[in-house]
Amino acid sequence: MFEAKIAPGFGVCAEDCLEKTGLTLFELYDSATKVMIGQELTAIENFLRHKPYEPGVGIGIGRRIRSETLGIWGYALLSSPTFRASLATAMDYARLSFMIARMDLVKQGDEALITFDTSPLPQNLRKFLLERHLTVLFNFASVLLPESLAAKTTFRTMEYDAGFATVLNRELGLVVECSKRMNAVVIPRSLLDLAPPQHDPEKLAMCLKQCEALQGSGAQNTWTAQVQDAILSDISNAPTIKSVAQTLKTSDRTLARRLAEEGSSFRTILVRVRLAIAHELLTTTNLSVSKVAWRAGYAEPSSFMRAFTKEYGYTPGKAGRKI
């Protein structure tokens, strides 16, 4: 529901965007609210009714959708070992993301095509949504492949018109071509196997586990999930409830109360995040238990072993690694 939240910055009231969505302004900012695709499309239609589409409006929206606004899904993409893996994660867990048009990856000879299927979407929203999707893709690509997309990239589209093409070229550097079959960003296939600078196998393992759990439950916006995201993004700096509360723009007392309402606590979440990272390291690397304990934030291996055994019902050594 990005359009409704940032609508005031475009001269549109958030309440106007929510008309006929069944959502209230309170629910828009309630982290527990689950937004369906139909509600999202209605909000976009409302937004465009008050701010009629012109080339570039979707780009303006897309530039405000950064990795930090996308929680665990965004962190998983940035932590992936290759651009190919990042795209696969984006598609596997699309329900946790900004995406409305289905995205696929097609390999043709030396080219890789990142496609967006807008055919099920209302005709009057397609250009806007393509602009939004393309801009977010390039937001991530600028971090994942900071120098590799410097050359002109081609975008083949069924929505071609001169104004649309001119804006995409000027704002995103895309060479826009008309296509009768698809909407596709075309890049050299060799880029798929480049390693992003932020690849972090520990964080990725934890992110993927959380993505799986969230996609299965549909509960991606709880306070517990937000705290997990914040801890993961700052795990190397020994996050505290105060630092996480600041990240979430609330007070530590309010955060503690919200977590208690969900039957959780900051310490419980922190311990589970650390132990989940440790479990992944024990089962996917050759690190000793002592080193895993340290990497998970435990000063003493004995404390780590007690916590691990309590959480999983077996000792770290039985996870397949040595002390």
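Preceding this paragraph is the structure being described.
Our subject in this report is the structure included herewith.

How each quantity is defined
- Residues numbered from 1 in each chain as written.
- Predicted model: local features only at pLDDT ≥ 70, side-chain atom pairs only at ≥ 80, totals over all residues.
- Heavy atoms only, no water.
- Helix = DSSP H or I, 4+ residues; strand = E, 2+ residues; numbered from the N terminus.
- Rg over C-alpha atoms; globule rule 2.2 N^0.38 Å.
- Buried < 20%, exposed > 50% of the residue type's maximum accessible area, 1.4 Å probe, protein only.
- Contact = heavy atoms within 4.5 Å.
- Areas by Shrake-Rupley, 256 points an atom, 1.4 Å probe, with all protein chains shown as cover.
- Lys, Arg positive; Asp, Glu negative; His and termini not counted.
- Charge placed at Lys NZ, Arg CZ, Asp CG, Glu CD.
- Pairing = 2+ DSSP bridges.
- Axes fitted to C-alpha atoms, helices over the stretch in contact; angles between N-to-C directions.
- Phe/Tyr/Trp six-rings, centres within 6.5 Å; stacked < 30°, edge-to-face > 60°.
- Parallel < 35°, antiparallel > 145°, perpendicular 65-115°, else oblique.
- Left-handed = near helix turned anticlockwise from the far one by under 90°.
- Nonpolar A, V, L, I, M, F, W, Y, C, P; charged D, E, K, R; others polar.
- Salt bridge = Lys/Arg side-chain N within 4 Å of Asp/Glu carboxyl O.

Of regular secondary structure, the protein chain possesses 16 helices and five strands. A compact globule built from 323 residues would reach a C-alpha radius of gyration of about 20 Å, and the protein chain, at 22 Å, matches this within 12%. Projected onto its principal axes, the C-alpha positions of the protein chain cover 65 × 50 × 30 Å. In the protein chain, which comprises 323 residues, the share counted as buried stands at 48%. Excluding contacts between residues fewer than 6 apart, the proportion of contacts in the protein chain whose partners are at least 24 apart in sequence is 67%. When the accessible surface of the protein chain is summed, it comes to about 15700 Å², and 51% of that surface belongs to carbon and sulfur atoms. Counting 38 positive and 33 negative side-chain charges, the protein chain places the centres of these two groups 5 Å from one another.

So, about the sheet that holds strand β1 (residues 102-108). Spatial ordering of the open sheet is given by β1-β2-β5-β3-β4, a layout of five strands whose pairing is mixed. Both outer strands of the open sheet, β1 and β4 (174-178), are each paired with one neighbouring strand and no more. Between one strand and the next, the sheet's axes are offset by a mean angle of 25°, whatever the strand orientation. With three bridges joining them, strand β3 (residues 153-157) and strand β5 (residues 184-188) adopt antiparallel strand pairing. Bridged to Arg156 within β5 is Ala184. Each of β2 (111-117), β3, β4 and β5 touches helix α8 (residues 126-144); the most contacted strand, β2, lies at about 140° to it.

Using the criterion set out here, one finds six aromatic pairs in the structure. Ring centres 5.7 Å apart and planes at 55° place the aromatic pair Phe304 and Phe308 in the tilted group. Remark: Phe308 and Phe304 occur in helix α16 (residues 301-312); sequence separation between them is four residues, near one turn of the helix. Residue Phe308 is classed as buried on the basis of its relative accessible area, which comes to 0%. Here the aromatic residues Tyr298, Phe304, Phe308 and Tyr314 are joined through ring pairs into a cluster of three or more.

The next point concerns the packing of helix α6 (residues 71-79) against α8. How two helices pack is summed up by the angle between their axes together with the distance between the axes. With their axes 10 Å apart at the nearest point, α6 and α8 run at an angle of 40° to one another. By the angle class used here, α6 and α8 are oblique. For the pair α6 and α8, the crossing hand works out as right-handed. Each of Trp73, Gly74, Leu77 and Leu78 in α6 lies in contact with α8, whose residues at this interface are Phe140, Val143 and Leu144. Of the residues assigned to the contact of α6 with α8, the class counts are six nonpolar, one polar and no charged.

Another point: the pattern of salt bridges. One pass over the structure, following the stated rule, counts ten salt bridges. Note that Glu177 is salt-bridged to Arg156, the shortest N-O span being 3.6 Å. Placement of Glu177 in strand β4 and of Arg156 in strand β3 is noted, with a sequence separation of 21 residues between them. Judged by its relative accessible area of 35%, Glu177 falls in the partly exposed class. Residue class for Arg156 comes out partly exposed when judged on its relative accessible area of 22%. As a salt-bridge pair, Glu171 and Arg170 come within 3.1 Å of each other at their nearest N and O atoms. For Glu171, a relative accessible area of 30% corresponds to the partly exposed category. Through salt bridges with shared partners, a single network forms among Arg63, Arg170 and Glu171.

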